[in-house]
Amino acid sequence: MTLATSPVVEQKRSTTPLKFSWLETIQGDLEKLTQKIRSASFLEDQLLDAAVQMIIEGGGKRMRPAVTFLVGRATNASFENILSVAASVELLHTATLVHDDLVDNANERRGVPTLHQQIPLGITVLTGDFLFAQAAALAAEADNVRVVKVFADTLVSIVQGEILQAKTRWQVPSMDIYERRIYGKTAALFEAAALSGSILGDVEEDVIQASAAFGREIGLAFQIVDDALDFVSSTEKLGKPAGNDLRQGIITLPALKYMEAQEITPKEFIETIKQPELLEHVINEIRETGAARLAFDDARLYIQRAEKILYTAFQTPTPAVEHLVNLAYSAIDRDF
Ligand code: IPE
Ligand code: IPE
Ligand code: MG
Ligand code: MG
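Residues numbered from 1 in each chain as written. Chains lettered and ligands numbered in written order. Predicted model: local features only at pLDDT ≥ 70, side-chain atom pairs only at ≥ 80, totals over all residues. Heavy atoms only, no water.

> How do you make sense of the site of ligand 2 when you look at a structure like this?
Every residue close to ligand 2 is listed here: Thr96, Leu97, Asp100, Asp104, Arg109, Ile158, Glu162, Lys185, Gln223, Asp226 and Lys240. Between ligand 2 and the protein, one listed contact pairs an oxygen atom with a side-chain N or O atom of Asp100 at 3.0 Å. Contact distances for ligand 2 include 2.5 Å between an oxygen atom and a side-chain N or O atom of Lys240. Relative to its unbound accessible area of 390 Å², ligand 2 is 91% covered by the protein chains. With respect to the pocket detection grid, ligand 2 is positioned in the largest pocket. Listed by contribution, the elements that provide at least two residues to the shell around ligand 2 are α4 (79-104), α7 (145-167) and α9 (205-232). Element by element, the count of residues in the shell around ligand 2 is highest for α4, at 4 residues. Among the residues forming the shell around ligand 2, the class breakdown is 2 nonpolar, 2 polar and 7 charged. (Near = heavy atom within 4 Å. Polar contact = N/O pair within 3.5 Å; in protein donor to acceptor, adjacent residues only side chain to side chain. Areas by Shrake-Rupley, 256 points an atom, 1.4 Å probe, with all protein chains shown as cover. 1 Å grid on protein atoms, 1.4 Å probe; cavity = no way out; pocket = protein on both sides within 12 Å on 5 of 7 lines; lining within 4 Å. Sits in = over half its atoms within 2 Å of the grid points. Helix = DSSP H or I, 4+ residues; strand = E, 2+ residues; numbered from the N terminus. Nonpolar A, V, L, I, M, F, W, Y, C, P; charged D, E, K, R; others polar.)

Here it is, written out as structure tokens:
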């Protein structure tokens, strides 16, 4: 798996010299991670196990565990503990995807049919629960109560984010609501990935807090880019249905940018997208008028903030810190 650089965003790349390749550095760690989550994901039911393994083997960018691995290196944490927490983070993410796809009515994930397309809805929910439980067990393996608490708090935030999104379907959210949604859905887990890595490390509280803030900023940017890619990328590239957000009545930053640029009121916008033939036209317009691009620009600001936070916290940047900055930029310079 490699992280591609979107040709469209290439010109806007940061001037930050990307001297190191984070992916190469932690390739071995990521292989150990896949083995670990694979072995923690057996329900002892042939059909279910095959379906779950398909999602796990289907890949995924492994961005969140990559954050944990690199923060672990930057803070001199024990690898065994970091591996458990990284596996926990990725499994928690996978569990949320199983439930999210059901809620979002999505038919494809990581290039394969979603679980609820293959098995009854009730069993899909229970399989997601099983993955959550296994993720909790992995978090506990690091034998650190604070990490377990981070895990529990994060799950609360994710559920709050998803519920807030469900409650604001077919509504134009304020920027405040949008930020709360993307924090809960996505940034909380990136924050936890970085925070737990540094809790397990050998650093002072101010560095732990800075790591958390770094993860949070990356997470916000990551979800904004996900929302933009929903408009500008394709189902084939994403391995999940493109254009699905607006079809599900979920109004994200590119749509907000579009309304602002075209001076469309929330009421007009909602009335328009509720008409199926006009909805497809609006999706096209958001892509064609550059509104999705404007969202990419906003995401870059979050990453620049993340970079500053990291360099302030780690006064003498080690290769691991440089890799983290590199990783932060690849959270936005992507097309899937
Ligand atoms: C998808 O996350 C869900 C979001 C929070 C946007 P990723 O884009 O990291 O999904 P995978 O793990 O690479 O499949
Ligand atoms: C996913 O957000 C957030 C969680 C899984 C909690 P999205 O709904 O935007 O993710 P995709 O686009 O389906 O991957
Ligand atoms: Mg979804
Ligand atoms: Mg999405």
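> Help me out: how do you make sense of unusual backbone geometry in this one?
Glycine aside, residues mostly have negative phi, and peptide bonds are mostly found in the trans state. In this model, Asn105 sits at a positive phi of 60 degrees, which is unusual for a non-glycine residue. Within the secondary structure, Asn105 sits in the loop between α4 and β1 (108-109). Under the relative-accessibility criterion, Asn105 is labelled exposed at 53%. Even without a glycine there, the phi angle at Arg110 is positive, about 50 degrees. Its location among the elements puts Arg110 in the loop between β1 and β2 (112-113). (Buried < 20%, exposed > 50% of the residue type's maximum accessible area, 1.4 Å probe, protein only.)

> Sorry, what's going on with the site of ligand 1 here?
Close to ligand 1 lie Gly60, Lys61, Arg64, His93, Leu97, Arg109, Arg110, Thr186, Phe222, Gln223, Asp226 and Lys240, which account for all nearby residues. The separation between an oxygen atom of ligand 1 and a polar side-chain atom of Arg64 is 2.7 Å. In the model, an oxygen atom of ligand 1 is placed 2.7 Å from a nitrogen or oxygen of the Arg110 side chain. Burial of ligand 1 by the surrounding chains reaches 90%, relative to a free accessible area of 390 Å². Spatially, ligand 1 is embedded in the largest pocket. Mapped by element, the contributors of at least two residues to the shell around ligand 1 are α4 and α9. Here the shell around ligand 1 gets 3 residues from one element, more than from any other, and that element is α9.

> Would you mind showing me how to read the packing of aromatic side chains here?
The way to describe two aromatic rings as a pair is by their centre distance and the angle between their planes. Here the structure, examined in full by the defined rule, presents 3 aromatic pairs. Here the aromatic rings of Phe69 and Phe79 are separated by 5.9 Å at their centres, their planes lie at 15 degrees, and the arrangement is stacked. Placement of the pair is Phe69 in helix α3 (residues 63-74) and Phe79 in helix α4, with a sequence separation of 10 residues. In this structure, Arg305 packs its charged tip against the face of Tyr302, placed 5.0 Å from the ring centre. Lying over the aromatic face of Phe222, Arg334 brings its terminal NZ or CZ to 3.8 Å of the ring centre. (Phe/Tyr/Trp six-rings, centres within 6.5 Å; stacked < 30°, edge-to-face > 60°. Lys NZ or Arg CZ within 6 Å of the ring centre and 35° of its normal.)

> Can you walk me through the environment of Phe222 in this structure?
Along the chain, Phe222 turns up in helix α9. Residues Phe222 and Glu268, spaced 46 residues apart in sequence, show a C-alpha to C-alpha distance of 29 Å. Beyond its immediate stretch of four places on either side in the chain, Phe222 contacts Lys61, Met63, Arg64, Thr186, Phe190, Ala331 and Arg334. (Contact = heavy atoms within 4.5 Å.)

> When you look at the packing of α3 against helix α8 (residues 175-199) in this model, what are you seeing that I'm missing?
When two helices pack together, their arrangement is given by the angle between the helix axes and the distance between those axes. It is the contact of α3 with α8, at a shortest axis distance of 7 Å, that shows an interaxial angle of 25 degrees. With respect to α8, the element α3 is oriented roughly parallel. Crossing handedness for the pair α3 and α8: right-handed. Only Thr186, Leu189, Phe190, Ala193, Ala194, Gly197 and Ser198 of α8 make contact with α3, whose side of the interface consists of Met63, Arg64, Val67, Thr68, Val71 and Gly72. When its residues are assigned to classes, the contact of α3 with α8 shows 7 nonpolar, 5 polar and 1 charged. (Axes fitted to C-alpha atoms, helices over the stretch in contact; angles between N-to-C directions. Parallel < 35°, antiparallel > 145°, perpendicular 65-115°, else oblique. Left-handed = near helix turned anticlockwise from the far one by under 90°.)

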